[in-house]
Number of protein chains: 2
Amino acid sequence: MKRPHSTSPRARAPKLATVAKAAGVSIGLASRVINDDPTVSVRPETRRRVLATAERLQYVPQASAQALRQRRTKVIGLAVHDLASTLVVKLLEGAREEAVARGYLLLLTDADELAFTPESRRLYLGGARIDGLILQDGHASMGDAIDEIGAVLPTVVFNTPGRTLSPGVLVDESLAGRLAAKHLIELGHREIGFIGGVQGTHTNDARLDGARRAMAEAGLASSLHVVDGDWTAPGGFHALNQLVGERPEVTGVVTVNVSTGTGAIAAALDSSVSVPQMLSVVAIQDAWTADFTVPRMSTVVLPLRELGQEAVRLLIRYIDGEDVEESHVVAQQPYLHPRESAAPPRLARARREHPVSPG
Amino acid sequence: MKRPHSTSPRARAPKLATVAKAAGVSIGLASRVINDDPTVSVRPETRRRVLATAERLQYVPQASAQALRQRRTKVIGLAVHDLASTLVVKLLEGAREEAVARGYLLLLTDADELAFTPESRRLYLGGARIDGLILQDGHASMGDAIDEIGAVLPTVVFNTPGRTLSPGVLVDESLAGRLAAKHLIELGHREIGFIGGVQGTHTNDARLDGARRAMAEAGLASSLHVVDGDWTAPGGFHALNQLVGERPEVTGVVTVNVSTGTGAIAAALDSSVSVPQMLSVVAIQDAWTADFTVPRMSTVVLPLRELGQEAVRLLIRYIDGEDVEESHVVAQQPYLHPRESAAPPRLARARREHPVSPG
DNA sequence: TTGAAAGCGGTACCAT
DNA sequence: ATGGTACCGCTTTCAA
């Protein structure tokens, strides 16, 4: 293998001193010109000359030297639980976009590893590698870890409001749950199932709460039937089977996320419960996979990209020492994306098997 | 919001000097003890004392200072095209795992942005932030960018062998294509479709080549019918419709990846072509979503995690100035994961409509 | 309007 | 077996 670098020890990148000498100015002046220091008045001609040489030499300041001097790395840490999750992917895209736009880079890691492996925590959080951290909450058991980290590094948490020292960013999960349930209600469903994620997590509980509220508003407070899942498709598969067995009167189901919805639809078809004829399914959260279930999955779209962007903005303000609110709900709201998995209850299994009292 | 950091300017982390003084030794000695410098013989008692104080003070060396001095950041860049892709996710997991195990961190970025946005390229590659780069090739048009980058920074490319200055890591794509086609052949299919990604990319062409080879080995060289896709589910959807229309004799289809397969299965059901009764589908590459198509998708599993690990190992050796081979195929091989989307041709549409000469 | 020089926190060489 | 010290490349006061 040809090795462009090691053979001739990679042509060292030009340093500030190189530029300064070439431009015929002192190092300090070069630095101030390049950084646009407003407190310094340079002769236009000098400024031009410095800038031109910097450009010509392709000068890029060395990050570690800057960081050492300024105590600022311009790197933000991002710790998430599951990269394969579509939620995380969307969020990550938004975060990266916003970070880059502001001159920050993203250092990625696994939230669980961060929480539970001290060694990895040191490597990642120690050594002043990052200026701040965006952390995905999840398991309730992370609470302590989050607080410890938040005490030591500017941290923004998403998915969990108020439980930590650190400011949080949120989408309106409750509204999302409400929209999903309301959709089913408006289609004419009366007995509705909710397949959840893990109880006790904010995401699950807020989505469920929204669904409950929609039911209550429609005078159906006691007709929401909750089954726990685990956020995954297998979990949704299992939960739907359980629900269908225990609650034959249910004609519509809200699932806490797309994976769960995918599992639920697969389970329904598996037991010859046709979707949406016999059972309607609406998932909270959206993903490209929703377009490729059969039938295509109706969802509530969450502003996850915006969540990522907002997390970065908030964190940067926090790093800069500004005052930040304790928790920030992104302005953009969830909205319904109807596809084909939810429809009016046509073949109500329920009515045939278990007559239900009206209203 | 309470601000643990800005109020009392975050208790500065202890530096080496702090540890050295507390342990009653010189800075230099402390450094050498902590770094296990083998060329130095310290009194056991002294070593113990230094290590103990470092531990007690929770000392972590400051990354930027080390990097400045050693010209080494212990950070590896990873540039990928599409984070939402399951391929990338697996690879990323493998890479992260291996990197962390070797004391490296991963800095993530978007390959297209890297290739086409000079500004972002400077931010990311300039300033000596990373020691090396793992780059996902993709669009053929990246060629130049890859070479430019490879000339300036130790780079490992995956997905494209031989086309660049930089060493590459690969999985045996050709074998994967062969396994998929062979599976269909062994099930009894004779007229087989191949729904591709983008022609001219190594991934697509190698997988197709493998499928061709399997056909040829079975004496079916002219019975492989290729339709182009674009790696996506919508692309697969469209391609399957086209294939079914133009080639009614086809009873089995290999798709270049899971997304394409998902689209293909959806399209089949959509046109009342039952899977696997009337049409079998085998996708190359695996993902959790394959468990939740209806029917569940038969796939060829690729060793992507290992690919990520191998990329990191190779890159580190490259960075360390060792000689590395031009391209490295990971040892672990693709294997078939049969599920339910491929079966013997039972209701051969073909035979009814276009009688085919036997074998 | 510009230059000189003191660090930022480590590492590694040269003394002792 | 240990200490002293010259850098790494940059920012930022202080002087001129």
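Our subject in this report is the structure included herewith. (Residues numbered from 1 in each chain as written. Chains lettered and ligands numbered in written order. Predicted model: local features only at pLDDT ≥ 70, side-chain atom pairs only at ≥ 80, totals over all residues. Heavy atoms only, no water.)

## Some details on the overall build of chain A
Phase 1: From N to C terminus, chain A includes 14 helices and 12 strands.
Phase 2: Counting only C-alpha atoms and orienting by the principal axes, one finds that chain A spans roughly 90 × 50 × 40 Å.
Phase 3: Here chain A holds 359 residues, and the buried ones make up 54% of them.
Phase 4: Within chain A, counting contacts between residues at least 6 apart in sequence, those at least 24 apart form 72% of the total.
Phase 5: For chain A, the accessible area works out to roughly 15,200 Å², and carbon and sulfur atoms hold 51% of it.
Phase 6: Treating the 39 positive side-chain charges of chain A as one cloud and the 40 negative ones as another, the clouds have centres 11 Å apart. (Helix = DSSP H or I, 4+ residues; strand = E, 2+ residues; numbered from the N terminus. Buried < 20%, exposed > 50% of the residue type's maximum accessible area, 1.4 Å probe, protein only. Contact = heavy atoms within 4.5 Å. Areas by Shrake-Rupley, 256 points an atom, 1.4 Å probe, with all protein chains shown as cover. Lys, Arg positive; Asp, Glu negative; His and termini not counted. Charge placed at Lys NZ, Arg CZ, Asp CG, Glu CD.)

## Observations concerning the interface of chain A and chain B
For interface size, the figure often reported is the accessible area lost on association.
Phase 1: With 73 residues of chain A at the contact, the number on the chain B side is 73 residues.
Phase 2: In total, about 6,100 Å² of surface goes out of reach between chain A and chain B, with carbon and sulfur atoms giving 63% of it.
Phase 3: Where chain A meets chain B, there are 4 salt bridges.
Phase 4: Ionic pairing is found between Arg96 of chain B and Glu113 of chain A, a salt bridge with its closest N-O pair at 3.3 Å.
Phase 5: For the interface between chain A and chain B, the tally reads 6 residue pairs in polar contact (both at pLDDT 80 or more).
Phase 6: Within the residue set of the side of chain A that touches chain B, elements represented by two or more residues are helix H4 (63–70), helix H5 (86–101), strand E2 (105–110), helix H7 (118–125), helix H11 (233–246) and helix H12 (258–270) of chain A. (Buried area = accessible area lost by both parts, 1.4 Å probe. Salt bridge = Lys/Arg side-chain N within 4 Å of Asp/Glu carboxyl O. Polar contact = N/O pair within 3.5 Å; in protein donor to acceptor, adjacent residues only side chain to side chain.)

## Re the sheet that holds strand E8 (residues 252–255) of chain B
Note: strands within a sheet are paired through backbone hydrogen bonds, in either parallel or antiparallel orientation.
Residue and element names in this part refer to chain B.
Phase 1: Pairing in this open sheet of 6 strands is mixed, and the strands run E7-E6-E8-E9-E10-E12 from one edge to the other. Looking at the sheet topology across the chains shown, the edges are occupied by strand E7 (224–227) and strand E12 (335–337). Averaged over all pairs of adjacent strands, the angle between their axes in this sheet comes to 20°, without regard to strand direction.
Phase 2: Note: strand E9 (residues 280–284) against strand E10 (residues 298–301), 3 bridges, orientation parallel. Each residue of the ladder has a partner; that of Ala283, found in E10, is Thr299. (Pairing = 2+ DSSP bridges. Axes fitted to C-alpha atoms, helices over the stretch in contact; angles between N-to-C directions.)

## Description of the sheet that holds strand E9 (residues 280–284) of chain A
Residue and element names in this part refer to chain A.
Phase 1: The strand order across the open sheet built from 6 strands is E7-E6-E8-E9-E10-E12, with neighbouring strands paired in mixed fashion. Here the strands that pair on one side only, and so sit at the sheet edges, are strand E7 (224–227) and strand E12 (335–337). On average, each strand axis in the sheet is tilted by 20° relative to the strand beside it, whichever way the strands run.
Phase 2: Pairing analysis gives 4 bridges linking strand E8 (residues 252–255) to E9, with the strands arranged parallel.

## Here's the deal with the packing of helix H1 (residues 16–23) of chain A against helix H3 (residues 44–56) of chain A
Residue and element names in this part refer to chain A.
Phase 1: Contact geometry of H1 with H3 gives a least axis separation of 9 Å together with a crossing angle of 130°. When the interaxial angle is binned, H1 and H3 end up oblique. The chirality of how H1 crosses H3 is right-handed. Note on element contacts: H3 touches H1 through Arg49, Val50, Thr53, Ala54 and Arg56, opposite Val19, Ala22 and Ala23.
Phase 2: Taken together, the residues of the contact of H1 with H3 break down into 5 nonpolar, 1 polar and 2 charged. (Parallel < 35°, antiparallel > 145°, perpendicular 65-115°, else oblique. Left-handed = near helix turned anticlockwise from the far one by under 90°. Nonpolar A, V, L, I, M, F, W, Y, C, P; charged D, E, K, R; others polar.)

## Thoughts on a positive patch on the surface
Phase 1: A cluster of like positive charges, contributed by Arg12 and Lys15 of chain A together with Arg69 and Arg71 of chain B, occupies part of the molecular surface.
Phase 2: As for its placement among the helices and strands, Arg12 of chain A is situated in the segment before H1.
Phase 3: On the basis of relative accessible area, Arg12 of chain A is assigned to the exposed category, the value being 61%. (Patch = residues over 30% accessible without salt bridge, like charges linked within 9 Å, V, L, I, M, F, W, Y side chains within 5 Å.)

## Side note on the relation of the copies chain A and chain B
Mapping between the two chain copies consists of a rotation about an axis together with a translation along that axis.
Phase 1: Take chain A, turn it by 180°, move it 0.1 Å along the axis, and it overlays chain B with an RMSD of 0.1 Å. A rotation of that kind, with that shift, is consistent with a two-fold axis.
Phase 2: When the interface residues of chain A are mapped onto chain B, 100% of them are again interface residues, pointing to one common binding face. (Least-squares fit on C-alpha atoms with pLDDT ≥ 70 in both.)

## Description of unusual backbone geometry
Residue and element names in this part refer to chain B.
Phase 1: Residues Val275 and Pro276 are joined by a peptide bond in cis, for which omega reads 5°.
Phase 2: Summarising the element assignment, Pro276 is placed in the loop between helix H12 (258–270) and E9.
Phase 3: Between Val294 and Pro295 the backbone carries a cis peptide bond, its omega angle lying at -5°.
Phase 4: For Pro295, the location among the structural elements is in the loop between E9 and E10.
Phase 5: Phi at Gln58 is positive, roughly 60°, even though this residue is not glycine.
Phase 6: Structurally, Gln58 can be placed in the loop between helix H3 (44–56) and helix H4 (63–70).
Phase 7: With a phi close to 85°, Gln285 is a non-glycine residue in the positive phi region.
Phase 8: Relative to the assigned elements, Gln285 resides in the loop between E9 and E10.

## Some thoughts on the protein's contact with DNA strand C
Phase 1: Taken together, 28 residues lie around DNA strand C, and Ser26, Ser41 and Arg43 of chain A together with Leu16 and Arg69 of chain B are the ones closest in.
Phase 2: In the interface set of DNA strand C, defined as its atoms within 4 Å of the protein, sugar plus phosphate atoms amount to 67%.
Phase 3: The separation between a phosphate oxygen of DNA strand C and a polar main-chain atom of Gln62 of chain B is 3.4 Å.
Phase 4: Interatomic distance of 2.5 Å between a side-chain N/O atom of Arg69 of chain B and a base oxygen of DNA strand C. (Near = heavy atom within 4 Å.)

## Section: the pattern of salt bridges
Pairing is possible between side chains that carry opposite charge, provided their charged atoms lie close to one another.
Phase 1: Under the counting rule described, the total for this entry stands at 44 salt bridges over all chains.
Phase 2: The partner of Arg122 of chain B in a salt bridge is Glu55 of chain A, with the nearest N and O atoms 3.7 Å apart. Of this pair, Arg122 of chain B sits in helix H7 (residues 118–125) while Glu55 of chain A sits in helix H3, placing the two residues on different chains.
Phase 3: Residue classification places Glu55 of chain A among the partly exposed positions, given a relative accessible area of 48%.
Phase 4: Across the pair Asp291 of chain A and Arg339 of chain A runs a salt bridge, and its minimum N-O distance is 3.0 Å. One end of the pair, Asp291 of chain A, is in the loop between E9 and strand E10 (298–301); the other, Arg339 of chain A, is in the loop between E12 and helix H14 (349–353), and 48 residues separate them in sequence.
Phase 5: Here Arg339 of chain A falls in the buried class, since its relative accessible area comes to 10%.
Phase 6: Through salt bridges with shared partners, a single ionic network connects Asp286, Asp291, Arg296, Arg339 and Glu340 of chain A.

## Looking at the environment of Lys15 of chain A
Phase 1: Looking at the element boundaries, Lys15 of chain A is found in the segment before H1.
Phase 2: Classification of Lys15 of chain A by relative accessible area gives exposed; the value is 57%.

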